[in-house]
Each structure stands twice: as structure tokens, then as C-alpha cells.
Amino acid sequence: MEKIIIDTDIGIDDAFALRYGALTQELIGITTVSGNVTADMATRNAKLFCKHYGLDIPVCKGASRGLTIEPTPPITEVHGSDGMGGCYDNPFDAVTEMNAVEFLLKTVKEHPREITVVAIGPLTNIALCLNLRPEFAHEVKELVIMGGAFGTKGHTGNMSNFAEFNIWKDPDAADQVFRSPIRMTVLPLDVTYEVLLTGGEVASTGDSFLKDISRCYLEFTLKDEGYYGMAVHDALTIEYLLHPECFDVIEKPVRVSCAGFTYGQTLIPQSAMPIPDDNFRGLPLRKICVGVDTQRVKEHLLNTLKL
Ligand code: BDR
Ligand code: CA
């Protein structure tokens, strides 16, 4: 069991990750970031989540925009009007005692090399931590992110042909994080789109909160993609902590395209030729999951959510 902090733009699959994380790890705090929804909405959703599951842990609001770009509107068609399916009254405000970056820096500094940060939204808060305190990179035990796409089985992007949402939302932040010395594992679309839950499987968990909030995501995929099922992208970060043996991993340095029609693309050196490329020179290797045992991951996740 790891001590974890989850950094999230809490929408629906984030809620699955939070629940999976809370049930199997020592979840010591939730930090929020603008992404699926505004940072305010994410903070209110995180508080609602904690109230529903009886979690008494800090919720800290983080960045409300990317490092260099204006925020785009919440993705209400997938995640509902409030980012959590629009099905619960939320009595909470977005005020928090500490901001996300302060909380991450302070908590990680107090527990050097003990805390795994699980980032399941844009990497803005993490880049801010690294910029404010470069030592953060060495104090974190590991950063495990859901983000990026490397093209395995055609999974190249969900925002464009090249870009995955979390990276696309703040490519500058992502590139800074990838260039930093922080120890890091990446769960990209290559594996997250290989683990789809049907509406029946979500219902089979008996978790009425997850079932309620998932309804609009399931209706969206039925209308848009023709099946009543959903990718629980973010939950795969927790699965990786529990069962790394369920993933095929490659190790490469990663950069992010921050301009042009490849905006938001995660890039790895690909050439079989010994080409000198300053863009990757000296960068640390990242563990990138490119294959997954779909059946086993689904069994682990569904059995745990049934508890
Ligand atoms: C990622 O984008 C968000 O919409 C999901 O919550 C997940 O973190 C998948 O591309
Ligand atoms: Ca997310």
C-alpha cells in the first residue's frame, strides 16, 4: 500500500480512480486542477466525493488555468453539467484551507521519497511544484500519470489525431514535467482505451454513486461511439500501483509538442538510426505502459469496487 496524493480534474473516470485509490492505498489528500471541469467545480466535486465515502482528508484547490493558455469550457457532454454526471445536489463551496501546490510541496517535503503523486488531470500543479521547488522532483517517490498517447493499436489521441486530453489541456506544463528529473510512469490511451466497462459491469459493482454519475458518460459513448460502455482511463493509475505485472512497459524519454498541428502530442525517439537529437539529449527514461491484460485489470477493478 502506497501513501498517495491524487491530483485530479474530477470528472467521472477520475471518481473511479479516487474510489479505487481510497480502497486500496493510503490516500492522504486530493488536489484539484482545471481540466474536465473548472478548478472550482473539481474542488466542489472532490468535497462531495469525500462526504459520500466518509473520507476525512484534505482537499486543496489548484490551478484554474494552464501555464500559458486560457482555460477551455468544461466538457459537460461527457461528464455532465457539474463534471459528476449532474445527478447530485452539491452543497459545497470551492474554498480550501491550503492551495494544491502548497499542500503538495509541504506534504512531500515532510515525507521525502514516501509519497506517490497520482496525477489524473492536466499537469499544471505538478509543473508549478517543480518550478517553485526543484527539490520536489527528488522528494516525490514517484509520479504516476494518466496522459498521452503513443499509437499502440491506433490509440493516437482523443482531442486530435495526435493529442490526449490531459496533455492537450496544458502541453507546456506536461513538457516541463517530462523534462524534469522526477521519477515517472505514464498510463497513456494505449492502455486506457483497452479497458472498457459496460453499463452492466458498472452496475454490477453495486456502487450506486459510481453508477449514477456514469449514466451520462455511458449515454455519450452510446450516441457518439455506438456502444454502452466507458473507458475508466484514470483508474488504471491505481491498477498500475497494485498490479504493475498487468502492463507491458517500454522505457523512453518523452517530450510534448507545444505548437502546430501536432499540438499536445507526446513524442518519443523512434528512429532506428543513431540520429543525434538535442530534443531528447540527457532526458530521463519514463516508464510508458503500452500493453495491458484487459481481463485481469477489469477483474481487479470490479472486484474491489464491489467491496
Ligand atoms: C483523460 O481526460 C479526461 O477527460 C479523463 O478524466 C482522463 O483523465 C483521458 O484522456
Ligand atoms: Ca481526469
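Residues numbered from 1 in each chain as written. Chains lettered and ligands numbered in written order. Predicted model: local features only at pLDDT ≥ 70, side-chain atom pairs only at ≥ 80, totals over all residues. Heavy atoms only, no water.

We now examine the nonpolar core. The nonpolar side chains of a soluble globular protein tend to be buried, and buried together. Membership of the largest hydrophobic core comes to 58 residues, with the highest contact counts inside it found for Phe16 and Phe247. The element that contributes the greatest number of residues to this core is helix α11 (residues 208-225), accounting for seven residues. With residues near it in sequence (within four places) discarded, Phe16 still touches Leu197, Val202, Leu210, Ser214, Met230, Val232, Ala235 and Leu305. (Core = buried A, V, L, I, M, F, W, Y, C linked by side-chain atoms within 4.5 Å. Buried < 20%, exposed > 50% of the residue type's maximum accessible area, 1.4 Å probe, protein only. Helix = DSSP H or I, 4+ residues; strand = E, 2+ residues; numbered from the N terminus. Contact = heavy atoms within 4.5 Å.)

If you check the shell around ligand 1, you find 13 residues, and the closest are Asp13, Asn36, Asn158, Glu164 and Asp234. With respect to ligand 1, the side chain of Asp14 contributes an N or O atom lying 2.9 Å from an oxygen atom. Sorting the residues of the shell around ligand 1 by element identifies α1 (12-24) and α7 (165-169) as the ones contributing at least two each. Residues of the shell around ligand 1, tallied by class, amount to four nonpolar, five polar and four charged. (Near = heavy atom within 4 Å. Polar contact = N/O pair within 3.5 Å; in protein donor to acceptor, adjacent residues only side chain to side chain. Nonpolar A, V, L, I, M, F, W, Y, C, P; charged D, E, K, R; others polar.)

This part covers the coordination of the calcium ion (ligand 2). Summarising the metal site, the calcium ion (ligand 2) is bound by the protein donors Asp9 (OD), Asp14 (OD), Asp14 (OD), Ile120 (O) and Asp234 (OD), whose distances to it range over 2.3 to 2.7 Å. Between the donor residues of the calcium ion (ligand 2), the gaps in sequence give the motif D-x4-D-x105-I-x113-D. Separated by 111 residues along the polypeptide, Asp9 in the loop between β1 (3-8) and α1 and Ile120 in the loop between β4 (115-119) and α5 (124-132) bring together distant segments of the chain. Just as Asp9 is buried, Ile120 falls in that class too. (Donors = N, O, S within 2.8 Å, 3.2 Å for Na, K, Ca; no water.)

In this structure, Arg113 is a non-glycine residue whose phi angle is positive, near 60 degrees. Position of Arg113 relative to the elements: it lies in the loop between α4 (100-110) and β4. The class of Arg113 is exposed, set by a relative accessible area of 55%. The phi dihedral of Lys153 is positive, around 50 degrees, even though this residue is not glycine. With respect to the helices and strands, Lys153 occurs in the loop between β5 (142-146) and α7. A residue is classified by how much of its surface remains accessible, and Lys153, at 65% relative accessible area, is exposed.

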